[in-house]
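Per-entry structural report
What follows is the residue order along each chain.
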Protein chains: 2
Amino acid sequence: MEISASTVKELREKTGAGILDCKKALAESGGDMEKAVDNLRRKGLAAAARKMGRVAAEGLVGAYIHAGGKIGVLVELNCETDSAARTAEFQTLLKDVAMQIAAASPRYIRPQDVPPEELEREREIHRRQALDSGKPEKFVGKIVEGKMERFYSEVCLLEQAFIKDPDRKVGDLILETGARLGENIQVRRFARYHLGEGVER
Amino acid sequence: MEISASTVKELREKTGAGILDCKKALAESGGDMEKAVDNLRRKGLAAAARKMGRVAAEGLVGAYIHAGGKIGVLVELNCETDSAARTAEFQTLLKDVAMQIAAASPRYIRPQDVPPEELEREREIHRRQALDSGKPEKFVGKIVEGKMERFYSEVCLLEQAFIKDPDRKVGDLILETGARLGENIQVRRFARYHLGEGVER
C-alpha cells in the first residue's frame with residue numbers, strides 16, 4: 001500500500017523515530033498510526049522522543065579541519081550519559097555532524113534559531129517574487145511556505161540533507177542514533193571558520 | 001648595566017620585537033633607544049611591527065581537542081602569505097595558541113575586546129576594595145590600574161603568560177614568530193567549548 005508523506009511525518013513527530021523506520025512501521029501496520037507507534041515503541045526506536053525531556057549534559061566536543069586548514073569546525077554534541085558518549089556510534093555521529101557543517105555551511109542549528117527579522121525578510125522576498133510573477137494571491141501563502149522550507153533546509157543544520165546520504169536529514173540521523181542508543185542527543189552549538197572570510201583586503 | 005622595564009616596553013612598542021630581543025638590543029646599545037631600534041631593524045626582528053598595516057587574510061584554521069573530548073578549541077591564525085602559513089614554525093604557533101586557549105580559557109583576544117561595561121564593573125570592584133581596606137585616595141588609581149593589568153593577563157589571550165614558557169606573554173610569542181617569518185600574524189578569532197558548560201541539569 002501507499003504510505004503518504006504526511007502520515008510518515010506525523011509518526012515521526014509522535015515518536016522521533018527515523019523516516020525509514022516510520023515507513024516500515026506504517027507498512028507493517030497497514031497504515032494504522034496507533035499500531036505503528038506501538039510497533040516502534042516495541043522495537044525501542046521511539047525511545048529518543050520519550051526521553052526528550054531528560055537533560056543532555058554529557059557528550060563530546062569534536063573538531064574537523066578541512067582543505068588543509070582553510071575551513072575548521074568545532075561542535076558540541078550532547079547526550080545523557082558518558083557511557084553513550086564513549087560508543088563508536090556516538091563518535092561517528094560527531095564526526096559526521098562536524099563534516100556536514102564543514103561541507104554545507106549551516107548558519108543555525110534549527111529553524112527556531114533563525115532570528116525573526118531574518119525570517120521576515122526572507123518571507124517578504126518570496127511573497128513579492130510570487131506576486132510579481134503574477135501568481136494568484138490565494139496561492140502566495142503556500143508558495144512562500146514552500147520557499148521557507150527550502151530556506152530552512154539550506155541554513156539549518158538539522159534540516160539539511162545529510163551529505164553522506166542525501167535522502168535523510170541531519171536531524172533524522174541524530175534522532176535515529178539517539179533511538180538506537182536510547183539517549184536524547186542534541187547538537188548544542190557549533191562554530192565554523194572559513195579562513196579569511198570577512199577580512200577586508 | 002641595568003635596563004629598566006619601561007625602556008624595554010618602549011622599545012617593544014616601537015618595534016614589535018620580543019622582550020628578550022629588546023633586552024639584548026638595549027644591553028648592546030648601552031641603553032640607547034635609537035641604536036637599539038636600528039639594531040633590531042638590522043636583524044629583521046622589527047619587521048613584524050613595520051608590516052603591521054599589511055593585510056593578514058591568509059593563514060590557517062586549527063583545532064585542539066583536550067581531555068578526551070571534554071574541551072575543544074577552534075582558532076583562526078592569520079598571516080599575509082600562504083607560503084608563511086605552510087611553514088612548520090607557523091603551524092607550531094597555531095598549535096601552541098590552540099593549546100593555550102584550551103588550558104588557560106581566555107575570553108577575549110586583546111584588552112580592546114573587553115566590553116566597556118565589564119571594564120567599568122571590574123574597575124569599580126577594585127576601587128571599592130582599595131578604599132574599603134583603607135588605602136589613601138591618592139594611591140587608589142595606581143592600585144586599580146595594577147589590578148586591571150592582572151585582569152587583562154587573565155582574560156585576554158595575548159596578555160596571558162604562555163603556558164609552555166610563562167616568562168613570555170602569548171602576544172610576544174606571536175610577535176616574535178611574525179618577526180622571524182617577516183609577516184604580520186594575527187589571532188583573528190577563537191571558540192572554546194567546555195562540555196556541558198551552562199546546561200541546566
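We now examine the sheet that holds strand β2 (residues 71-79) of chain B. All names here are of chain B. Ordered by their spatial adjacency, 3 strands build an open sheet running β1-β2-β5, and the pairing between neighbours is antiparallel. Two strands in the sheet have a free side with no partner beyond their single neighbour: β1 (58-66) and β5 (186-194). For this sheet, the mean inter-axis angle between neighbouring strands, taken without regard to orientation, is 10°. In the sheet, β2 pairs with β5 via 8 bridges, with the strands oriented antiparallel. Residue V73 lies in a different strand from β5, and its bridge partner there is R192. Against the sheet, helix α6 (residues 88-104) engages β1, β2 and β5, with an angle of about 140° to β2.

Counting residues in each nonpolar core, the largest one holds 26 residues, and the members touching the most others are V75, V97, I174 and V187 of chain B. Every element with two or more residues in this core is listed here: β1, β2, α5 (82-85), α6, α9 (170-181) and β5 of chain B. In terms of residue count, the dominant contributor to this core is α6 of chain B (7 residues). Here V187 of chain B is in contact with V75, E76, L77, V97, I109, R110, L157, L158 and I174 of chain B, once residues within four sequence places are set aside. I71, A85, I174 and V187 of chain A belong to the second-largest nonpolar core, a separate cluster that totals 25 residues.

What describes a pair of aromatic rings is the distance from one ring centre to the other and the angle between the planes of the rings. Residues and elements named next belong to chain A. Here the structure, examined in full by the defined rule, presents 2 aromatic pairs over all chains. Centre to centre, the rings of F151 and Y152 are 5.9 Å apart; their planes meet at 50°, and the pair counts as tilted. When its relative accessible area of 13% is taken as the criterion, Y152 is described as buried.

Residues and elements named next belong to chain A. Here we have 3 strands laid out as an open sheet, ordered β1-β2-β5, and antiparallel in their pairing. Edge positions in the sheet fall to β1 (58-66) and β5 (186-194), since each has one partner strand and no second. Here the strands of the sheet are splayed against their neighbours by 10° on average, with no regard to which way each runs. Of the strand pairs in this sheet, β1 and strand β2 (residues 71-79) are connected by 9 bridges, and their pairing is antiparallel. From the neighbouring strand, A63 faces β2, where its bridge partner is L74. Running at roughly 140° to β2, helix α6 (residues 88-104) makes contact with β1, β2 and β5 of the sheet.

This part takes up the interface of chain A and chain B. Contact residues are listed per partner, giving 35 residues for chain A and 36 residues for chain B. Where chain A abuts chain B, roughly 2,600 Å² becomes buried across the two surfaces, and 60% of that area is made up of carbon and sulfur atoms. The interface formed by chain A and chain B includes 4 salt bridges. A salt bridge links D82 of chain B to K70 of chain A; the nearest nitrogen and oxygen atoms lie 2.8 Å apart. For the side of chain A that touches chain B, the secondary-structure elements that each account for two or more residues are β1, β2 and β5 of chain A.

Attention now moves to the pairing of strand β4 (residues 165-169) of chain A. Residue and element names in this part refer to chain A. For strand β3 (residues 161-162) and β4, the ladder comprises 2 bridges, and the chain directions are antiparallel. Of the residues in β4, the one forming a bridge with F162 is D165. Linking β3 back to β4 in an antiparallel pair, the connection comprises 2 residues.

Parameters and conventions
- Per chain, the residues get numbers from 1 upward, laid out in the order the sequence is written.
- Lettering of chains starts at A and numbering of ligands starts at 1, both following the order in which they are written.
- Where totals are concerned, whole chains, interfaces and linings use all residues; where local detail is concerned, this predicted model gives features only for residues with pLDDT of at least 70, and gives and counts side-chain atom pairs only at 80 or more.
- As a rule here, side-chain values come from all non-hydrogen atoms in the structure, and water together with hydrogens is ignored.
- Two strands qualify as a pair provided DSSP detects at least 2 bridges between them.
- Helix numbering and strand numbering both begin at the N terminus, where a helix is a DSSP run of H or I of at least 4 residues and a strand a DSSP run of E of at least 2.
- Fitted lines through C-alpha atoms serve as axes, helices being fitted only where they are in contact, and the angles separating the N-to-C directions of these axes extend from 0 to 180 degrees.
- By definition, residues are in contact when any of their heavy atoms lie within 4.5 Å.
- Side-chain atoms within 4.5 Å link the members of a nonpolar core, which is a set of buried Ala, Val, Leu, Ile, Met, Phe, Trp, Tyr and Cys residues.
- Accessible area is worked out with a 1.4 Å probe on protein chains only. A residue is then buried under 20% of its type maximum, exposed over 50%, and partly exposed in between.
- Put simply, two rings from Phe, Tyr or Trp (the six-membered ring, in Trp's case) pair if the centres are within 6.5 Å, and we call them stacked under 30 degrees between planes, edge-to-face over 60, tilted for the rest.
- Summed over both partners, the accessible surface that disappears when two parts come together, traced with a 1.4 Å probe, is what is meant by buried area.
- What makes a salt bridge here is a side-chain nitrogen of Lys or Arg within 4 Å of a carboxyl oxygen of Asp or Glu, nothing more.

Without other data, these values stay purely geometric and don't point to any function.
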